[in-house]
Amino acid sequence: MRTIATICLLLAALGGQAAAQSVSEKLPTCLACHGESGTSQTENVPSLGAQNSPYTLIQLFMFREGLRTADPMNEMMKGAADADLQAFADAIAKLPQPKAAEGGDTQRMAHGQALAGQNHCNMCHRADFSGQENVPRLGGQREDYLLKSLREYKSGVRHGYDASMADVVQPISDADFVDLAYYISRAK
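Residues numbered from 1 in each chain as written. Predicted model: local features only at pLDDT ≥ 70, side-chain atom pairs only at ≥ 80, totals over all residues. Heavy atoms only, no water.

### Brief notes about the overall build of the protein chain
Argument step 1. Within the protein chain one finds 10 helices and 0 strands.
Argument step 2. Sequence-ordered secondary structure for the protein chain, helices as α and strands as β, is α-α-α-α-α-α-α-α-α-α.
Argument step 3. Burial statistics for the protein chain: of 188 residues in total, 44% are counted as buried.
Argument step 4. Here the analysis covers contacts within the protein chain between residues at least 6 apart in sequence; of these, 69% occur between residues at least 24 apart. (Helix = DSSP H or I, 4+ residues; strand = E, 2+ residues; numbered from the N terminus. Buried < 20%, exposed > 50% of the residue type's maximum accessible area, 1.4 Å probe, protein only. Contact = heavy atoms within 4.5 Å.)

Here is the structure:
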C-alpha cells in the first residue's frame, strides 16, 4: 500500500509539471491509481469509470481550489484550466462502469437495502445508484471507499459542495455504514 501511495505521489508531481500535455496524455497518470479502465484496484481509492461528468467536474474543481483535500489530487489539479477539468470529467464519464461486487450475504444485503430506503439514498443517487448530474454514481464503487466516504462525511473530514450528505449520515451508526457500503457496492 505504501508503495502504491508513493507511486501515485510521484505521478502527481510529474503530472503537475506537464501542464502542456493534453488531457488524453495525462489521463493514464490518473488511471495509475484509479485503475487502468477506471476500476480501482487500490484500497480506498475510488473507481472513476462512468462517473457522471457534472459530478466529476465539481470534484476536480474542489481539488484544484483546495476545497477538498486528498493527496495527490490537489497537486495534480493545481493550475488546471477550467477546460481541462471539463475534458477530464468527460473522459472519465466515457470509461466503462465498474462491475458490482458479486454475491453477498443475504442478511447484510437485506439490511443494507433497508437502510438505503430508510435514508432515502435512492432519492438523489437513484434506485440503481447510477447517480445523476452532480450526484455521484455509487453502483459498483469499491466497498472500502464507500465506507471511508460515509465515515468522513459524518466526522466532517470530507466536505461536500453542500451539506446534504453530512445531514443525511448524522443519525446513521457506524455498524449501519458497514452494511450500507456492503449493499451499495453490490447493488445492480
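### Observations regarding the pattern of salt bridges
Argument step 1. Evaluation of the coordinates by the stated rule reveals 8 salt bridges.
Argument step 2. Where Arg186 meets Glu143, a salt bridge forms, and the shortest distance between an N and an O atom there is 2.9 Å. Of this pair, Arg186 sits in helix H10 (residues 174-186) while Glu143 sits in helix H8 (residues 143-155), and the two are 43 residues apart along the sequence.
Argument step 3. Residue classification places Arg186 among the buried positions, given a relative accessible area of 15%.
Argument step 4. Overall, Glu143 belongs to the partly exposed group, its relative accessible area being 28%.
Argument step 5. When the shortest N-O distance is used, the salt bridge between Lys148 and Glu152 registers 3.0 Å. Placement of the pair is Lys148 and Glu152 together in helix H8, with a separation of 4 residues, close to one helical turn.
Argument step 6. Through salt bridges with shared partners, a single network forms among Arg64, Glu65 and Asp82. (Salt bridge = Lys/Arg side-chain N within 4 Å of Asp/Glu carboxyl O.)

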